[in-house]
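Okay, here's what each chain looks like letter by letter:
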Amino acid sequence: MSSALTDLCRYPIVQAPMAGGASCPQLAAAVSEAGGLGFLAAGYKTADGMYEEVKQLRGLTGQPFGVNLFMPQTQYADQAAVEVYRNQLAGEATWYETPLGDPQTGSDDGYEAKLAILLEDPVPVVSFTFGCPTREILDAFARAGTFTVVTVTTPEEAQTAQWSGADAVSVQGIEAGGHQGTHRDDPATDGAGIGLLSLVSQVRETVQLPVIAAGGLMRGGQIAAVLAAGADAAQLGTAFLVCPESGANVVHKQAMTNPLFVRTELTRAFSGRPARGLVNRFMREHGPYAPSAYPEVHHLTSGLRKAAAKVGDAQGMALWAGQGHRMARELPAGQLVKLLAAELEATRSSLIQGSDS
């Protein structure tokens, strides 16, 4: 790993920030305590809610950790398309006996307030998703002593992150669960994302920044593969989703290895932005018609998703998952970090022995 990343964690293992509850202080603390880099997800939280979680995490570990922010969305959705989708979801609202949300709830996710808190009371790492901050903001974090990471899905986005002054890039392959972290949401490129190994190699040849590889990674051998391709560390989300410390809904956790869910797909059905999840009834019925409208659709369906979770209906929930979800292991997070590190070391040793024979 690069020296800057080496200072943050003993092992090249980063727990992905999963918005929606999974990445809670207990999970991040367990990962950091075990030698990985734990992350909190500030997305969908208020600034005060984020700060409370940071304080809670600091009380659980003295090890480095990160906080992930969603960039404000500056693209304007077609409101007529959003209204059509609202009408299509009327049956869901009746079924779950809950009203649809207000799509105009807001598009900045409290970004400025969260920045102010994290600059006034710095944390070791801050990462950004759905875009790249300005150089002024990244320079301010540098002065505060915070290591900054920008999520990228193309070599061009990685160049933007380097030009803007980021310390590292989180390179997200098409295999990743949850939202694709594209800087610009272009419906014309839906499903055209690059596989992780190819993307890591392309980014490595494009920029001079440390690379954190993310997307479908579930085993230490896969971590070895992305490190061999040029990554400095690996980021895993779905692998940690099923840990007992994870704040994910129990129905979501169980679905990861439930034979009823055989594959994942990218969909706009739940949020209006491409995100990978287990294919269920909601995705099949509404995915083909969901507009490109984030976060409007996210706000619209929020109540439906909560109602489905409350009654334990996996067919109406956003079951975010990477392509390797069937390989999930229900282990304590610290134990999983140690196992991944052991698998990584075993893979490296076998490769060395093989080259010597």
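Everything numeric here is computed off the predicted structure, so don't read it as measured data.

Examining the layout of surface pockets
- Put simply, the second largest pocket is a space of about 360 Å³.
- Along its surface, the second largest pocket is lined by 19 residues, and Thr182, Thr189, Asp190, Gly191 and Gly193 are the ones closest to its centre.
- Per-class residue counts for the lining of the second largest pocket are five nonpolar, eight polar and six charged.

Re helix 10 (residues 220-228)
- Where helix 10 is concerned, the buried positions are Gly220, Ile223, Ala224, Val226 and Leu227. What you see down the axis of helix 10 is that its buried residues fit within an arc of 165 degrees, all on one side.

A closer look at the side chain of Glu53
- Here Glu53 shows up in helix 3 (residues 47-60).
- The exposure class of Glu53 is buried, given its relative accessible area of 16%.
- Filtering out sequence-adjacent residues up to four positions away, Glu53 remains in contact with Ser23, Pro25, Leu40 and Lys45.

A word on the pairing of strand 11 (residues 275-278)
- In the sheet, strand 7 (residues 178-179) pairs with strand 11 via two bridges, with the strands oriented antiparallel. Its bridge partner being in strand 11, His179 is matched across the sheet by Ala275.

Here's the deal with the state of the cysteines
- Inspection of the entire model under this criterion finds zero disulfides.
- For Cys9, which is in no disulfide, the shortest distance to another cysteine sulfur is to Cys243 and amounts to 17 Å.
- Taking the relative accessible area as the measure of exposure, Cys9 reaches 7% and is therefore buried.

As for the pattern of salt bridges
- Counted under the stated rule, the structure contains 14 salt bridges.
- With its nearest N and O atoms 3.8 Å apart, the salt bridge here joins Arg135 to Asp139. Taken together, the residues Arg135 and Asp139, both in helix 7 (residues 135-143) and four residues apart, mark about one turn of the helix.
- A salt bridge links Arg263 to Glu265, with the nearest nitrogen and oxygen atoms 3.1 Å apart.

Some points on helix 3
- For helix 3, built from 14 residues, the straight-helix expectation of 20 Å at 1.5 Å per residue is met to within 8% by its first-to-last C-alpha distance of 20 Å.
- Residues of helix 3 that are buried include every one of Ala47, Met50, Glu53, Val54 and Leu57, and no others. Axial view of helix 3: buried residues confined to an arc of 125 degrees, hence all on one face. In helix 3, the exposed residues that point more than 90 degrees away from the buried face are Asp48 and Gly59.
- Summarising the contacts, the buried residues of helix 3 are in contact with helix 2 (25-33), strand 2 (38-41), strand 3 (65-70) and helix 6 (111-120).

Calculation notes
Residues numbered from 1 in each chain as written. Predicted model: local features only at pLDDT ≥ 70, side-chain atom pairs only at ≥ 80, totals over all residues. Heavy atoms only, no water. 1 Å grid on protein atoms, 1.4 Å probe; cavity = no way out; pocket = protein on both sides within 12 Å on 5 of 7 lines; lining within 4 Å. Points joined across faces, edges and corners; volume = space filled by probe spheres on them. Nonpolar A, V, L, I, M, F, W, Y, C, P; charged D, E, K, R; others polar. Buried < 20%, exposed > 50% of the residue type's maximum accessible area, 1.4 Å probe, protein only. Helix = DSSP H or I, 4+ residues; strand = E, 2+ residues; numbered from the N terminus. Arc of directions from axis to C-beta. Contact = heavy atoms within 4.5 Å. Pairing = 2+ DSSP bridges. Disulfide = S-S within 2.5 Å. Salt bridge = Lys/Arg side-chain N within 4 Å of Asp/Glu carboxyl O. Expected span 1.5 Å × (residues − 1).

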